[in-house]
Structure formats: C-alpha cells, structure tokens
2 protein chains.
Amino acid sequence: MSEQSAESKQLRVVVADDQAAVREPLAAVLGLADDIEVVAAASDGSEVLAAVAAGPVDVVLMDLRMPVMDGIEATRRLGEEFPDVAVVVLTTFADDDSILGALGAGARGYLTKNAGRQDITRAIRAAAAGQSVLDREVQDRLLATARTKAPAQGPQQGQSLPADLTRREREVLALIGQGLPNRGIAERLFISEATVKTHINNLFAKADIRDRADAVRRAIEAGLA
Amino acid sequence: MSEQSAESKQLRVVVADDQAAVREPLAAVLGLADDIEVVAAASDGSEVLAAVAAGPVDVVLMDLRMPVMDGIEATRRLGEEFPDVAVVVLTTFADDDSILGALGAGARGYLTKNAGRQDITRAIRAAAAGQSVLDREVQDRLLATARTKAPAQGPQQGQSLPADLTRREREVLALIGQGLPNRGIAERLFISEATVKTHINNLFAKADIRDRADAVRRAIEAGLA
DNA sequence: CCCGATCTCCACCCATGGGTCCAGGTGCCA
DNA sequence: TGGCACCTGGACCCATGGGTGGAGATCGGG
C-alpha cells in the first residue's frame, strides 16, 4: 500500500478501447506523463490478455464495451491469471450493473469519460499503489447501493461491541479478526507481544469474548474484519 | 471534475486528529509536498469547523474518533456549511459503520493508517479534484456491502472450500466456526479429543487453513457457521 | 478378497494462547 | 497537583492448539 520514495517507478500501462478515435489520443496523452509508459494498445479483452501475457504490465486502462471479450470478463480473467495487474475502468457508462460488475470482477478504479488527463493519471498511479479511485458519481452510486441495505438491518448490528473499548483494543480486535497471531499483531502495531496480550485480556473481559475464535466471529460481525 | 493545467494549484489542507503524536508528524510530512500547504491542525471536530470558517480550505484530512465532535459529525456539518471543502478520512478503523457513516456524511476519501505518504497526498489531490480515493480494504468492504443486496445471489454454500473434505471434516470445521474448543467438539460428536485433532489436521491441510482463527473465517465465509 | 478411504484413537512434542499480577510512563482533567 | 484512563512491558503459569507418526476398525467397490 505505501511506498516511501517518490513516484519514481515507471508504470507500464495497457490502454484498451475498441474505438481507435478514443484509444489513440488517450495513449498519446498518457505517454506525456513521465512516469507512465504505454506499452500496448488493445481493442478488445482478448488483446488485453495477450498484451499482459507478453510483457510486464502494471496497470490496464480498460473500456467496458468491447467486442469479442468485454472489459468485465477481461478484468475477471486478469484477476485470476495476473493478480498483480491493476485494472482501471474508463467508460461512458456509470450504471449499477457496470459498476458492480467491474469492481466485483476486481477493477481497482472506475472513471467515466468526463475525467480529465490529471484524473486518469492519478487513478493509474493510485491503482498501481493498491488504492482505489472512483469518479464522484460512481462513488455516490456505490454508496447508495450499499446504504440501502446495510443500516438498521438488525438489532444486533450497532452495539455488538461495548462502547468502552479503547482505540488500541479495537485495533487489536480487528487484527485478530484478520487472523493474525499475537506476534503478527505486535509487529503491525510496533509494540511488544506482551502488550498485545494485555490488550487482548482487557478487551476479552470488556466484550465478554471467550477466546480467539470467538473474537474472530465478533470482529467479523462488527465489520472490523 | 477535470482540470487542464498541471497540478499547479496550491492545496490548503487542514489536518485533524486528536492524537498529537499522529497529527504533528502528519502535518509536517504533508508540508513536504510542494503543492500542499497545511494551514491548520485540529484536535477535534469543532476545531475543524473553526479552521475552515477562518480561512479558505480545500481539503480536510480527518480522523474519525475524536472527542467533543467526532469526524463523521464534522464531515456532515462541513457538507452543509462548506460544500466545496473535500474531506479525506484517515483512521485506523475500517468497519462498516465507520465507512458507511463517513462516506454517507460526504467524505470523498477513506484511508486507513497503513497508507503511506504518497497514498495520502494522492488522496488529497484526488479529493480536491472531485475524485474519490479509497484504500483497497475499504473499497472491498463497500463493494461487499453493495453486492450482498443488489444481485440475486442464491444460496452460495460451499464453493469456497475444496470438494474433497469428508463429512466429518466439514462437521468439525462448522463447530470450529461456532467457536467450540476441541474438547467441546469432541463431546458434541461423541468422539475423543485426539480424533478431533486428527480431523483438524487433515482439514487444515486440505483446505489450506493456517490456524483456528483462519478456520473460523473460512467457516463463516462458507456458510457453515 | 484385498485395497483404499474414512473414522477412530494413542503418544509425544513444542508453540501459541490466555490469565494473573505488577509497574512505569504519558496525557488529560478536575 | 493530584487522580485517572490508557498504553506499554515483564514475569510467570498452565491450558490449548497444532504437528508428527503410528495403528486398529469398518465399509464399499474393483
């Protein structure tokens, strides 16, 4: 997720769009950024897979509507065969099916075509770094979809954890929920294993958690993991 | 959304975190970016509102858990009174309530504390440009929440587990997922604890499960618990 | 009739987890 | 200037978990 030195790494990008009138100028303008190198252009999903297989690629800038193999399918296959390649979707459509389909297939970014050059380059850099960049409207749709179902769905949701848990205790619980052993938690938080155990003892007592397995369940239940 | 010229505009940023040990170095390191200027530091939500009211501000980097007024409430009020100010959340927690709460209150970005300097500065620039930047885990949670409701997903039972698990191994896994210790599992199945351990060893190997915590997660994921 | 899969159980070993008690340091607030 | 909450850490103890190797019993199918 994090990198220490400046964005010095050269990002190898594949541009995929079935319309040459979009693809060519896009590739040209991206090449202007000195940390981005457009290593291939593709006009459908299978060409993307071929290009990625041919050489090292960091990010694919992907249109969704393409003949032969569409962008969602290509994204899905990339995730299976080349999980280290990040996909940023660039399309004119921002309907729920496209958004959920693409992100569900593993896309890290989703831009609409009113995004500017800066927006696109930024999304490419973010995706390469493991972040996700969405256009505002996309974000809003995604959020709206998520919110219609999540809130107030059951009585056990909100107060599943006592309120008097400390910051540190919550962090520890979250990491337990992610399956880390005490040593791993200690390393992650830059504290000693003894301290981790102290936090665990305290939070187990406060939240009435019996053991680690119970803690994992509670963490997942509370959405911490 | 788009801007044509390079990122020449100086971004005025407010850093909000109740822990000075986090706030101070964060503000310092952000000032290193030549297009970012930290114009204020705040230790709770009301200080954020005061700082924004005092001078022109482009982006607020906001912690969630703060005394007096928390980050979500502050974000909500900023949206009402200063809709042009973008909020990027930077917190240690990535639970559903926090994510949906913050984004629902209008935050444009959501980062966890394992984000590096580049990640944070990128998110600030994106937010100022109207984009949304999320950490990968945050994006995954948001997507998972959105997907559980949107598509008609029927009973998705055991596809996440290998098919060659025996009946007994599945039973044991389910009981692990319910938080039972080996002795409890043994009693439940009327077998000895030694046998339970044997099953556990076998199923861990088959399903590539590392330890009990991992098993709990897998069991829940597979719908066994 | 033997083979293989499954279930059952044992002994042994060591790492990890969970509990207890204690104590120093910090920062905040009355 | 106290007290208090929180984070940090150490020592110690014992229970549990996880791994290895082996072994006997049952049952079904080739």
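Not measured: the values here are computed from a predicted model.

1. As for the pairing of strand β3 (residues 59–62) of chain B
All names here are of chain B.
Right, so step 1: A two-sided burial pattern is seen for β3, the buried positions comprising V59 and L61 on one face and V60 and M62 on the other.
Right, so step 2: Pairing of strand β1 (residues 11–16) with β3 involves four bridges; the strand directions are parallel. Looking at β3, one finds that A16 is bridged to M62.
Right, so step 3: Pairing of β3 with strand β4 (residues 86–91) involves four bridges; the strand directions are parallel. The residue of β4 that forms the bridge with V60 is V87.
Right, so step 4: With respect to chirality, the unit in which β3 leads through helix α3 (residues 71–81) into the neighbouring parallel β4 is right-handed.

2. Description of the protein's contact with DNA strand D
Right, so step 1: Around DNA strand D, 17 residues are found, and the nearest of them are A:T166, A:S192, B:R183, B:K197 and B:R212.
Right, so step 2: For DNA strand D, the fraction of atoms within 4 Å of the protein that belong to sugar or phosphate moieties is 64%.
Right, so step 3: B:N182 has a polar side-chain atom sitting 3.4 Å from a phosphate oxygen of DNA strand D.
Right, so step 4: One nitrogen or oxygen atom from the side chain of B:K197 is found 2.4 Å from a base oxygen belonging to DNA strand D.
Right, so step 5: For the surface near DNA strand D, the secondary structure elements donating two or more residues are α7 (167–177) and α9 (193–207) of chain A together with α8 (182–189) and α9 (193–207) of chain B.

3. Overview of the interface of chain B and chain A
Right, so step 1: Contacts between the two partners involve 60 residues from chain B, matched on the other side by 59 residues from chain A.
Right, so step 2: Buried area between chain B and chain A, summed over both chains or domains, comes out near 5200 Å², and the portion from carbon and sulfur atoms is 51%.
Right, so step 3: The largest contributions to the chain B side of the interface with chain A come from B:Q118, B:R122 and B:Q131, which together make up 12% of the buried area.
Right, so step 4: Across the chain B-chain A interface, the total number found is two salt bridges.
Right, so step 5: A salt bridge links A:R167 to B:D18, with the nearest nitrogen and oxygen atoms 3.7 Å apart.

Conventions we followed
Residues numbered from 1 in each chain as written. Chains lettered and ligands numbered in written order. Predicted model: local features only at pLDDT ≥ 70, side-chain atom pairs only at ≥ 80, totals over all residues. Heavy atoms only, no water. Buried < 20%, exposed > 50% of the residue type's maximum accessible area, 1.4 Å probe, protein only. Helix = DSSP H or I, 4+ residues; strand = E, 2+ residues; numbered from the N terminus. Pairing = 2+ DSSP bridges. Right-handed = clockwise from strand over helix to strand, strands pointing away. Near = heavy atom within 4 Å. Polar contact = N/O pair within 3.5 Å; in protein donor to acceptor, adjacent residues only side chain to side chain. Contact = heavy atoms within 4.5 Å. Buried area = accessible area lost by both parts, 1.4 Å probe. Salt bridge = Lys/Arg side-chain N within 4 Å of Asp/Glu carboxyl O.

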